[in-house]
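# Summary of structural features
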Amino acid sequence: MLRSFRLGEADRVLHVYTADRGRVGAVAKGVRRTKSRFGARLEPLSHVELMLHQGSGELQTVTGADLRASHHETREDPYRLAVGLIGAEAMLRLFPEQEANERAFTALTRFLDRLDEIPARAPATPALDSLGLSFQLKLLWLSGYRPHLDSCVECGAIEGLVGYHPAAGGAVCRDCGPGSILLSAEGVRAIQTLVATPLADAGEAGLTGAGAREALAIVRASYEHQGGFRLRTLSA
Ligand SMILES: [Zn+2]
């Protein structure tokens, strides 16, 4: 469950990412009444097994819900929650189709499982969290928006990369640059580590402050220039 909105007095519209159908919109009726059968299970970031009824409109109707993992450890800590909501918004924007994507679904469940266990780090900046950045880079990779950092996107040089060219989606060398985003060797290393590390270990990726900031700048640039959107949770 990635996001929900109030609908009328007692209902909620849910944006869900499912294993077998990808992104699905559903309405949960009466869910905001205290006596609702499954209201408490339909919290944002929870992992639920839903029974859905396909009505005549665009939205499915929830007819049953079984909790697989509540992820309340994530929801109850402000730092983890903020990291989780960034991940949820990235998922909604990068995978908007009603089409199954097993790797994206697996990445999402691993991200949420691991997020329950990371230290509560407030007042650290959630946008710079290594698990969150690793998840977003993996989603970019799966969406075909992988930042190209192995060589200069203009001339192919592999040495002397100094910047990032957002419109071209890759690094540029000293001769072709500088590009509008600074990219240091530390930043390249940080991104390569975040992409290569399994999500289960990404919380201990050991990024430097500069590495994490450059990774975030490139993730943002990829959304904006390759995806054509910005994440609300990253602009706060
Ligand atoms: Zn070049």
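Counting restarts for each chain: residues are numbered from 1 in the order of the written sequence. Thresholds applied to this predicted model are a pLDDT of at least 70 for local features of residues and 80 or more for the giving and counting of side-chain atom pairs; totals over whole chains, interfaces and linings are not thresholded and use all residues. Excluded from the side-chain calculations are hydrogens and water; all other atoms, namely the structure's heavy atoms, are used.

Quick look at the nonpolar core now. Counting residues in each nonpolar core, the largest one holds 52 residues, and the members touching the most others are Tyr-17, Met-91, Phe-111, Phe-135 and Tyr-223. The leading source of residues in this core is helix H2 (residues 78-94), at eight residues. Look past the residues within four positions of Tyr-223 in its chain and what remains in contact with it is Ala-90, Leu-94, Gln-136, Leu-140, Gly-228, Phe-229, Leu-231 and Leu-234. Val-16, Val-31, Leu-50 and Ala-65 belong to the second-largest nonpolar core, a separate cluster that totals 12 residues. Buried residues of nine kinds, namely Ala, Val, Leu, Ile, Met, Phe, Trp, Tyr and Cys, make up a nonpolar core once their side-chain atoms join them within 4.5 Å. Exposure is judged per residue with a 1.4 Å probe applied to protein chains only, and the accessible area is read against the type maximum: over 50% gives exposed, under 20% gives buried, and values in between give partly exposed. Helix and strand assignments come from DSSP, with helices taken as H or I runs of at least 4 residues and strands as E runs of at least 2, each series counted from the N terminus. Contact definition: two residues touch when any of their heavy atoms are within 4.5 Å.

Attention now moves to the coordination of the zinc ion. Note on donors: an N, O or S atom is included if it sits within 2.8 Å of the metal, or within 3.2 Å for Na, K and Ca, and water is never included, so sites can look incomplete. Taken together, Cys-152 (SG), Cys-155 (SG), Cys-173 (SG) and Cys-176 (SG) make up the full set of protein donors to the zinc ion, lying 2.3 Å away. One can describe the donor arrangement at the zinc ion as tetrahedral, given that its four donor atoms subtend angles of 104 to 116 degrees at the metal. Within one chain, the residues donating to the zinc ion are spaced in sequence as C-x2-C-x17-C-x2-C. Residue Cys-152 is found in the loop between helix H4 (130-143) and strand E6 (161-165), and its partner Cys-173 is found in strand E7 (residues 170-173); the two are separated by 21 residues along the sequence. Only two sets of limits are used to name each site, 85 to 135 degrees for every angle of a tetrahedral four-donor site, and over 155 degrees for opposite donors with all other angles from 65 to 115 for a square planar four-donor or octahedral six-donor site, with any other site named irregular.

A separate point is the pairing of strand E3 (residues 22-28). Within E3, seven of the seven residues are buried, which leaves it mostly tucked inside the rest of the structure. Summarising the sheet, strand E2 (residues 11-18) and E3 pair through seven bridges and their orientation is antiparallel. Bridged to Val-16 within E3 is Val-24. Following E2, the chain reverses through three residues before pairing antiparallel with E3. Strand direction decides the pairing type here: E3 and strand E5 (residues 60-69), joined by two bridges, are parallel. Along E5, the bridge assignment pairs Ala-26 with Gln-60. Strands are treated as partners if at least two bridges between them are detected by DSSP.

What makes a salt bridge here is a side-chain nitrogen of Lys or Arg within 4 Å of a carboxyl oxygen of Asp or Glu, nothing more. Counted according to the given criterion, the structure contains six salt bridges. Across the salt bridge formed by Glu-49 and Arg-68, the nearest N and O atoms sit 2.9 Å from each other. Taken as a pair, Glu-49 in strand E4 (residues 47-54) and Arg-68 in strand E5 lie far apart in primary sequence, 19 residues in all. Note on Glu-49: relative accessible area 41%, which makes it partly exposed. On the basis of relative accessible area, Arg-68 is assigned to the exposed category, the value being 54%. Notably, a salt bridge pairs Arg-114 with Glu-204, separated by 2.7 Å at the nearest N-O pair. Note that Arg-114 is positioned in helix H3 (residues 102-115) and Glu-204 in the loop between helix H5 (185-196) and helix H6 (209-227), a separation of 90 residues in sequence.

Here the focus is the environment of Ile-181. Secondary-structure assignment places Ile-181 in strand E8 (residues 181-182). Overall, Ile-181 belongs to the buried group, its relative accessible area being 15%. Here the alpha-carbon distance between Ile-181 and Ala-120, two residues 61 residues apart in the chain, equals 30 Å. Excluding residues that lie within four positions of it along the chain, Ile-181 makes contacts with Val-162, Gly-163, Tyr-164, Pro-166, Ala-217, Ile-218 and Ala-221.

Of all the eight residues making up E2, seven are buried; the element is thus mostly covered by neighbouring parts of the structure. Pairing analysis gives five bridges linking strand E1 (residues 3-7) to E2, with the strands arranged antiparallel. Across the sheet, Arg-3 pairs through a bridge with His-15, a residue of E2. The turn joining E1 and E2, which pair antiparallel and follow one another in sequence, is formed by three residues; a positive phi near 65 degrees is taken by Gly-8.

Here we come to the side chain of Thr-18. When you line up the elements, Thr-18 lands in strand E2. When its relative accessible area of 14% is taken as the criterion, Thr-18 is described as buried. Identification of polar contacts relies on pairs of N or O atoms within 3.5 Å, with a donor-acceptor requirement for protein atoms, meaning one able to donate a hydrogen and the other able to accept it, and with residues adjacent in sequence counted only if both atoms are side-chain atoms. A distance of 2.8 Å separates a polar side-chain atom of Thr-18 from the backbone oxygen of Gly-22.

Here we take up the packing of aromatic side chains. Each aromatic pair joins two rings of Phe, Tyr and Trp (for Trp, the six-membered one) with centres within 6.5 Å, and gets the label stacked for planes under 30 degrees apart, edge-to-face for over 60, and tilted for any other angle. Under the definition given, this model contains three aromatic pairs. Remark: a charge is flagged as sitting over a ring if the NZ atom of Lys or the CZ atom of Arg is within 6 Å of the ring centre and within 35 degrees of the ring normal. The ring of Trp-141 has Arg-146 sitting right over it, with the charged end atom 4.6 Å from the ring centre.

With that settled, the discussion passes to the sheet that holds E7. Pairing in this open sheet of three strands is antiparallel, and the strands run E7-E6-E8 from one edge to the other. Since the sheet does not close on itself, it has two edges, and those belong to E7 and E8, each with one partner. Strand direction decides the pairing type here: E6 and E7, joined by four bridges, are antiparallel. Counterpart to Tyr-164 in the pairing with E7 is Ala-171.

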